[in-house]
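# Structural overview for review
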Amino acid sequence: MRIALAVLRRDRRSQVATVLVALGVMIAVSLVLWLLAAPNGLQARADRTAWRDGIGQNDKGAVSVAMNQDSYDGKLIERFDVARTEQGTIPVAAGIARFPEAGEVLLSPALADLVRDTPPEKLGNRFPGTRIAELGPDALKFPGELVAIIGHEKVDNGYPAADLRGGAGSYRDDYHGMLYLLTRVGLVVLVVPCLVLVASAARLTAAKRERRLAALRLAGASPRQVVVMTAVETAIGAVVGSVLGVVLARPFSHVTAEVPWEGGTWYPGDFVPEPAVVAAVAVLAPLLVVGAAIMGLRRVVNQPLAAEAKRKVRSWRLLTIAGALGVFFLGIMYAQEASGDGQFTVVLLGLGAVALALVLAGPVLTAWVGRFFVGRWRRPSTLLAGRRLAGDPVAAFRGSAGVVIAVFTGSMALTMLPGLESQVPYRDSTWLENAIVAEQVTHDITPLRLATSGPIVTMLDGTIRSGDYGTYVVVGECAEVAKVLTGLHCQEGPAVYSPGPLQGNEFKSSGGKDVLTAQLPAQYETRPFEGSGRVSAVIDRDLLPSLAGEVSMVGVPTTPENRDAVHTALLGTLPGVRLVDGEQRGLFGDTLMADLQRATIIGLSIAAVLGGIGAAVAAAGSVIDRRRTFGALIAAGTPIRVLAHALRREVMLPVFAVTIAACGAGIVVGLGLLTLARGLVGHGEMPITPWVIAPVGVGVVVALVAALACGPVLRGISPRDYAAE
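Attention here is on the structure that accompanies the text. Every value quoted in this text rests on a predicted model; they were computed, and no experiment measured them.

## Overview of the overall build of the protein chain
A tally of regular secondary structure across the protein chain gives 22 helices and 16 strands. Taken over 725 residues, the protein chain has a buried fraction of 52%. Here the contacts in the protein chain between residues at least 6 apart in sequence split such that 81% fall between residues at least 24 apart.

Next up, the structure:
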């Protein structure tokens, strides 16, 4: 131990290596804590909104609740129309003052401010009643969320709930579990570059250390003494870096809380990992660094005379990529059939295995590239680089590992992103863009006619059944329905508008209460209908006279000037209805896609920065390790310029070769994840764009910038370094 401390006190290069180890561990620890805090942040949101999850889970309840999404001025509003069905006290969640009785309203602070600053006919009339309190932070998903709870005498089309407390929230249920999968994928693909960075930091000055320890072994030092010296030398920087990483994690979490997700930012305490997790990461990071340094001493301990020998690589390493991909696709198959907390475990294990397999197989491709350029060199710098790549491919590839993972991550993300655009909630093309349609209508629509002067289209929705098969249709006056339905062109006389003959004659209305049935005539005219949404056919009311006056849907065509007023009139006079608004559905889909794009950009930026830092640290470390070799070359007359070119080629050549393989693996894995996401959501496409190869170019640029970091270290070498050795 005294020898290790003496080396750190007196050897400048060891001091520089210790500082770099501390910086590498600090970055890795702070980033890992941030990644591990992300699920906590999502879970904190789910816990605050758990009172919304207990709605509709029981056949009976003390209250009836209709949940709907509303929108105003490009902002989504969560609306809950409630009514008690039993007498007695209704328990409520934290943040809700009390259960609102008929004529009472609870608004979130942001929505209350918006209502206060907006004309009532555009927004405030949607929430009729006396405002009894504002919702507290414990009942809101994020600061500034727009939420309303409106009390009514009754809510006929609501769902039963025991109370407004809910149960244990789980963010993995959001959007069919797709967000849960994506957060776990991001955690895995960003932890691997962290491990690469830590390993690069741990291997700094490894060659010089091996020579020093080999000399000590030959002088009589025991294997235990050699291991202790290495552990002490490495642990000092690792422990300091771990402490600094834990300290930086807290301000980093506050910065992260300002990044929007699902339409809003976070509360400051959301992105705080659990103390046990912080302690585990703070302890494991130095242990991993010290362990990596000790694992590199096997040759020194067992064969000190072979410490200078170059490491050979075997081609079998390439098979690990095929094996990892096999595990990944087995996980895809398992996840499509399974459910629960362990649904994606094998997928994530396979994903991590693919990333590690690329790092393991990288030296093989590096050796091949080196042999290629040794046999076809035209410049001395190319020959020097090729000799290095072919002679010690493990050390030569070390600087490229982080860049390779960044390229793999980028190609995977850019493969998935276009496909996810078709799988997130999309704009409903059933109804015209200017139409707002209220579904599940069980109300008298006379108040609506008094509240708006716009044309009101009444319809009855249901199915035409033939055995177990049903065709979704609407019944109404064709000329009226055409004002709100896409692709409907009417002619004189009653008819069925459909792409083809209907399979069956029995109409059955939708909904679980007061189901209506009717029979179509044996003979009727069928006219073409070119709708592209959920409605497959339109039936004139005259063909089903027994259903005259029955209404389950109300549509209103709007103009930009009266859209908000019509929206308000529908919600104010038909409480609890579900509104289908193309603009609103587009907002939800656009918000989710913006979140995915933002997360992709942040993740790729972090991966690129980690890869660049790891490459820079490894490149600088390779120069420090070969200080005597470079000093000898300079003493023999080799220009610094030639050595600088050789160093850049050492980094660039393997990066270009291995990143092509990483790009291909990223595309394959991205397509696999898209297949799984499509199975979760039930629809979607899997397009591939030319942008999937862009990470290769970015990786080469990042590697070039990192290679430039070894320039100042190289210029500090002189022939005296060779003489000093």
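From this point, the narrative continues.
## Brief notes about the pairing of strand β9 (residues 469–476)
On a regular strand, each side chain points to the face opposite its neighbour's, so the side chains alternate between the two faces of the sheet. Counting buried residues in β9 gives six out of eight residues, a clear majority hidden from the surface. Pairing geometry for strand β8 (residues 457–466) and β9, over seven bridges, is antiparallel. Paired with Ser466 across the strands is Tyr469, a residue of β9.

## Side note on the pattern of salt bridges
Two side chains of opposite charge can pair, provided their charged atoms sit close to one another. Tallied over the entire structure, the rule returns 16 salt bridges. A salt bridge links Glu650 to Arg388; the shortest N-O distance between them is 3.8 Å. With Glu650 in helix α19 (residues 640–681) and Arg388 in helix α11 (residues 380–391), the pair connects residues that are 262 residues apart, well separated along the chain. Residues Glu650 and Arg388 agree in their burial class; the two are buried. The salt bridge partner of Arg578 is Glu439, with a shortest N-O separation of 2.4 Å. Pair noted here: Arg578 is in strand β16 (residues 578–581) and Glu439 is in strand β7 (residues 435–439), with a separation of 139 residues, a long-range link. The exposure class of Arg578 is partly exposed, given its relative accessible area of 31%. Of the residues examined, Glu439 reaches a relative accessible area of 9% and is grouped as buried. The network of salt bridges with shared partners includes Arg388, Asp392 and Glu650.

## A few points about the side chain of Asp540
Structurally, Asp540 can be placed in strand β14 (residues 537–540). Look at Asp540: it is buried, it has no salt bridge, and the nearest opposite charge is Arg527 at 5.2 Å. Here Ala495 takes part through its backbone nitrogen, which lies 3.1 Å from a polar atom of the side chain of Asp540. Look past the residues within four positions of Asp540 in its chain and what remains in contact with it is Gly476, Glu477, Cys478, Gly493, Pro494, Ala495 and Tyr497.

## As for empty space enclosed by the protein
Scanning the model with the defined rule gives five cavities of 30 Å³ or more in all. There is about 110 Å³ of room inside the second largest cavity. The wall of the second largest cavity is formed by Arg388, Ala395, Ala396, Gly399, Ser400, Ala618, Ala619, Ser622, Leu647, Glu650 and Val651. Of all the secondary structure elements, the ones that give two or more residues to the lining of the second largest cavity are α12 (393–398), α17 (582–625) and α19. Partitioned by chemical class, the residues of the lining of the second largest cavity number six nonpolar, three polar and two charged.

## Remarks on the packing of aromatic side chains
According to the stated counting rule, one finds four aromatic pairs in the structure shown. Where Trp266 meets Phe271, the ring centres are 4.9 Å apart and the plane angle is 80°; that geometry is what we call edge-to-face. With respect to class, Trp266 is no different from Phe271; both count as buried. Between the aromatic rings of Phe372 and Phe373, the centroid separation amounts to 5.2 Å while the plane-to-plane angle is 90°, which identifies the pairing as edge-to-face. Judged by its relative accessible area of 42%, Phe372 falls in the partly exposed class. Residue class for Phe373 comes out partly exposed when judged on its relative accessible area of 23%. Above the plane of the ring of Trp266 lies Arg45, whose end atom (NZ or CZ) is 3.8 Å from the centre.

## Things to note about helix α18 (residues 627–635)
Listing the buried residues of α18 in full gives Arg627, Phe630, Gly631 and Ile634. All buried residues of α18 project into a common sector of 105° when viewed along the axis, lining one side. Looking one or two residues past α18, Gly637 carries a phi angle of roughly 105°, positive in sign.

## Some remarks on the environment of Asp444
Within the secondary structure, Asp444 sits in the loop between β7 and α14 (446–451). In the structure, Asp444 is positioned 107 residues away from Val551 in sequence and 9.2 Å away in space, judged by C-alpha atoms. Of the polar contacts made by the side chain of Asp444, one reaches the side chain of Thr446; its length is 2.9 Å.

## What about unusual backbone geometry?
With a phi angle near 55°, Asp73 is a residue other than glycine that sits in the positive phi range. Examined against the element boundaries, Asp73 turns out to sit in the loop between β1 (63–72) and β2 (75–84). In this structure, Gln440 takes a positive phi of about 60° despite not being glycine. Locating Gln440 in the fold gives a position in the loop between β7 and α14. Under the relative-accessibility criterion, Gln440 is labelled partly exposed at 35%.

## Let's talk about the environment of Tyr497
Counting through the fold element by element, Tyr497 comes out in strand β10 (residues 496–497). Considering only alpha carbons, one finds Tyr497 and Arg527, 30 residues apart in sequence, at a separation of 4.7 Å. Apart from residues no more than four positions distant in its own chain, Tyr497 is found in contact with Cys478, Leu488, His489, Cys490, Gln491, Arg527, Pro528, Phe529, Ser536, Ala537, Val538 and Asp540.

## Quick word on helix α6 (residues 223–256)
Here α6 is 34 residues long and its end C-alpha atoms lie 46 Å apart, about the 50 Å a rise of 1.5 Å per residue gives. The sharpest bend along α6 reaches about 35° and sits at Ala235.

## A closer look at the nonpolar core
Core analysis: the largest hydrophobic core is formed by 94 residues, its most contacted members being Leu351, Phe408, Val669 and Leu673. A per-element tally of this core places α19 first, with 16 residues. Leave out the neighbours within four places in its chain, and Leu673 touches Val185, Phe328, Ile332, Val347, Met412 and Met416. Counting residues in hydrophobic clusters, the runner-up holds 21 residues, among them Val82, Phe99, Ala139 and Leu164.

## Considerations on a nonpolar patch on the surface
The grouping of Leu195, Val283, Leu284, Leu287 and Leu288 at the surface amounts to a nonpolar patch, some 480 Å² of accessible area in total. The element that contributes the greatest number of residues to the nonpolar patch is helix α7 (residues 275–295), accounting for four residues. Inspection of the secondary structure assignment puts Leu287 in helix α7.

## A look at the sheet that holds strand β3 (residues 104–107)
Here six strands make up an open sheet; going across it, the order is β4-β3-β5-β2-β1-β6 and the pairing mixed. Because the sheet does not close on itself, it has two edges, and the strands there are β4 (130–134) and β6 (159–161). For this sheet, the mean angle separating the axes of adjacent strands, direction not counted, is 30°. Across the face of the sheet, helix α3 (residues 109–116) comes into contact with β1, β2, β3, β4 and β5 (146–151) while running at roughly 140° to β4.

## Side note on the pairing of β5
The element β5 is extensively covered by neighbouring structure, given that six of its six residues are classed as buried. The side-chain alternation of β5 yields two buried faces, one formed by Leu146, Ala148 and Ile150 and the other by Val147, Ile149 and Gly151. Where β2 and β5 come together, six bridges link them in parallel fashion. Counterpart to Arg79 in the pairing with β5 is Ala148. Pairing analysis gives three bridges linking β3 to β5, with the strands arranged antiparallel. If you follow Val105 over to β5, its bridge partner there is Ile150.

Calculation rules
- Along each chain, residues carry numbers from 1 onward, in the same order as the chain's sequence is written.
- Where local features are concerned, this predicted model is filtered to residues with pLDDT of at least 70; where side-chain atom pairs are given and counted, the filter is 80 or more; whole-chain, interface and lining totals use all residues.
- Note that the side-chain values use all heavy atoms of the structure and ignore hydrogens as well as water.
- Helix and strand labels come from DSSP, where a helix needs a run of H or I of at least four residues and a strand needs a run of E of at least two; each type is numbered from the N terminus.
- Exposed residues in this analysis have more than 50% of their type's maximum accessible area, buried residues have under 20%, and partly exposed residues fall in between, with area computed by a 1.4 Å probe over protein chains only.
- Only heavy atoms enter the contact rule, under which two residues are in contact if any of them lie within 4.5 Å.
- Two strands form a pair only when DSSP identifies at least two bridges running between them.
- The salt bridge definition used is simple: a Lys or Arg side-chain nitrogen within 4 Å of an Asp or Glu carboxyl oxygen.
- Charge assignment in this entry is limited to Lys and Arg as positive and Asp and Glu as negative, and neither His nor the chain termini are counted.
- Pairs of N or O atoms are called polar contacts if they sit within 3.5 Å, as long as, within protein, a hydrogen donor faces a hydrogen acceptor (for residues adjacent in sequence, only side-chain-to-side-chain pairs).
- Of the two site types, the cavity is a set of points on a 1 Å grid over the protein atoms alone where a 1.4 Å probe fits but cannot get out, and the pocket is an open set with protein on both sides within 12 Å along at least five of seven lines, each lined by residues with an atom within 4 Å of a point.
- Grid points are joined across faces, edges and corners, and a volume is the space filled by probe spheres set on the points.
- We call Asp, Glu, Lys and Arg charged. Ala, Val, Leu, Ile, Met, Phe, Trp, Tyr, Cys and Pro are nonpolar, and the rest, Gly among them, are polar.
- To pair, rings of Phe, Tyr and Trp, with the six-membered ring standing in for Trp, must have centres within 6.5 Å; the planes then decide the type, stacked if under 30 degrees apart, edge-to-face if over 60, and tilted in the middle.
- Criterion for a charge above a ring: Lys NZ or Arg CZ within 6 Å of the ring centre, and within 35 degrees of the ring normal.
- Along the arc lie the directions from the helix axis toward the C-beta atoms.
- Helix span, as expected, comes to 1.5 Å for every residue beyond the first.
- Note on bend: the value at a residue is the angle between axes fitted to the seven residues ending there and to the seven starting there.
- What is meant by a nonpolar core is a set of buried Ala, Val, Leu, Ile, Met, Phe, Trp, Tyr and Cys residues, joined one to another through side-chain atoms within 4.5 Å.
- Like charges within 9 Å and nonpolar side chains (Val, Leu, Ile, Met, Phe, Trp, Tyr) within 5 Å are joined into patches, using only residues over 30% in relative accessible area that form no salt bridge.
- All accessible areas in this document rest on Shrake-Rupley with a 1.4 Å probe, and a residue is counted as covered only by the protein chains that are shown.
- In this analysis, axes come from line fits to C-alpha atoms, helices being fitted only over the stretch in contact, and the angle between any two N-to-C directions falls in the range 0 to 180 degrees.

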